[in-house]
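Observations on the model geometry
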Amino acid sequence: MWDTLWLDVHLATGDDRLITSGDGYGCIHDGAVGIHDGAICWVGSRADLPGIPDGLARKVEHGHGGWLTPGLIDAHTHVVFAGDRSQEFAERLNGASYEDIARKGGGILSTVKATRAASEQQLLQVSLKRVERMIQEGTTSLEIKSGYGLTLADEFKQLRVARAIGKTLPVRVHTTFLGAHAVPPEYSGRADDYVTFLADELLPRLHEENLVDSVDAFCETIAFSPTQTEFLFETARKLGLPVRIHSEQLSLSGGTALAARYGGLSADHLEYADENAVMSMAHHGTVAMLLPGAFYFIREKQLPPVDLLRKHNVSIGLATDCNPGTSPVLGLTSVMNMGCTLFRLTPEESFRAVTSVAARALGIEHETGMLREGLRADMTLWDVTGPHELSYWVGGIRPVRRIYGGLG
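Along every chain, residues carry numbers that run from 1 in the direction the sequence is written. With the structure being a predicted model, the display of local features is reserved for residues of pLDDT at least 70 and the display and counting of side-chain atom pairs for 80 or more, all residues being used for whole-chain, interface and lining totals. To obtain the side-chain values, all non-hydrogen atoms of the structure were included, while hydrogens and water were left out.

1. Here we look at the pattern of salt bridges
Salt bridge, as used here, is a side-chain nitrogen of Lys or Arg placed within 4 Å of a carboxyl oxygen of Asp or Glu. Under the counting rule described, the total for this entry stands at 25 salt bridges. For Arg85, the salt bridge identified is with Glu88, shortest N-O distance 3.1 Å. Between Arg237 and Glu234 there is a salt bridge, with its nearest N and O atoms 3.7 Å apart. Of this pair, Arg237 and Glu234 both sit in helix α8 (residues 226–239), three residues apart, roughly one helical turn. Throughout this description, buried means an accessible area under 20% of the type-specific maximum (1.4 Å probe, protein chains only), exposed means over 50%, and partly exposed covers the range between. In this structure Arg237 comes out as partly exposed when scored by relative accessible area, which is 47%. Given a relative accessible area of 29%, Glu234 falls into the partly exposed group. Connected through salt bridges with shared partners, the residues Asp15, Asp16, Arg17, Arg372 and Glu373 form a single ionic network. Secondary structure follows DSSP: runs of H or I at least 4 residues long count as helices, runs of E at least 2 residues long count as strands, and numbering of each begins at the N terminus.

Shown next as structure tokens:
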């Protein structure tokens, strides 16, 4: 027998085998989902069930006409941090740019200082509160980056906290090493030496402790050059770790094409990406991870090249980019709304951007991201008129139920 059978639900499966030009969600009206051992074992129309409900499953759940979707996947976050940067928000409103604040010691380095000062337990407690909010908003999988430690001890601390979150809360955590986030004060003026330290010492040590699932770098004029980034990516390749990149947020740096050449899981931000960068992503299957929270919060004017991404069939993802300086966002449905209103994505695109596409951006598309037989039973139940409504509410909407591994 199945463990659970869900009835009285409409399904937005996100299954690409069911998606058509007229239905970008893969919908099944009056559907049913069977669950066994934490995985989906049957999906289809209720009328096609292979028996009577009570004879199929030990427990029958009723969705009361709601919409059941895959659990939401947040594929770009910096949610493990200490400190507060709300003052920088006021500075920007008074005319200071993101670059101005960073160059005078604010920005990332101010969070580095606060994160270094926090104990591991303190860092875990403040981070758990944020992730609990994400879970309430429907998130079932999330990526967590390091990059606010920038020393051996503090990067270890951040990544151990990220792993602890996945053991403490019902959420799948993918950890990303972002040591190349900023040049720390002790390496001021010696960026090449710092990158050598990351590649030769820090990343191999973290990898040995099984704390790293992927490697990221902030490739920008105020951070690291493509040459420095490639030096780090070479180490990642030798260790068998996939890469991703923060690139083309503030300028056309060449980082996107670089990450694509290394088979990058995703290239993120992309406001200044050109057609050559987009074509490189298309060729190598790299996901374009757009971050409208940061675009909105720092009042960017340069839009990412959505039309080029569509033209070259590059998959578009969305994420919160949850961080203290440029995107204090915790809910993915808010991001879906911003993706539609700011970047002119369709509701169907925004839905796939935080489900199946986000799963590919984390390399977990064979585990989650759709309602499909064999995948994990990570699902969310919504009291909405249809999946399009998930992108409608300004400020987002919360699910009625969240199911993680069949439970919830």
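2. Observations regarding the UniProt feature "binding site: 4-imidazolone-5-propanoate" (unreviewed entry) in the chain
UniProt positions are given in the numbering used here, feature names are shortened, and annotations may be inferred rather than shown by experiment. Under the UniProt annotation, the feature "binding site: 4-imidazolone-5-propanoate" (unreviewed entry) is placed at Arg85, Tyr148, His181, Gln249 and Thr326. Arg85 sits in the buried class, given a relative accessible area of 6%. Whether two residues are in contact is decided by their heavy atoms: any pair within 4.5 Å suffices. Once residues within four sequence positions are removed from consideration, Arg85 is found in contact with Gly107, Ile108, Ser110, Thr111, Tyr148, Pro324 and Gly325. Inspection of the secondary structure puts Tyr148 in the loop between β6 (139–145) and α6 (152–168).

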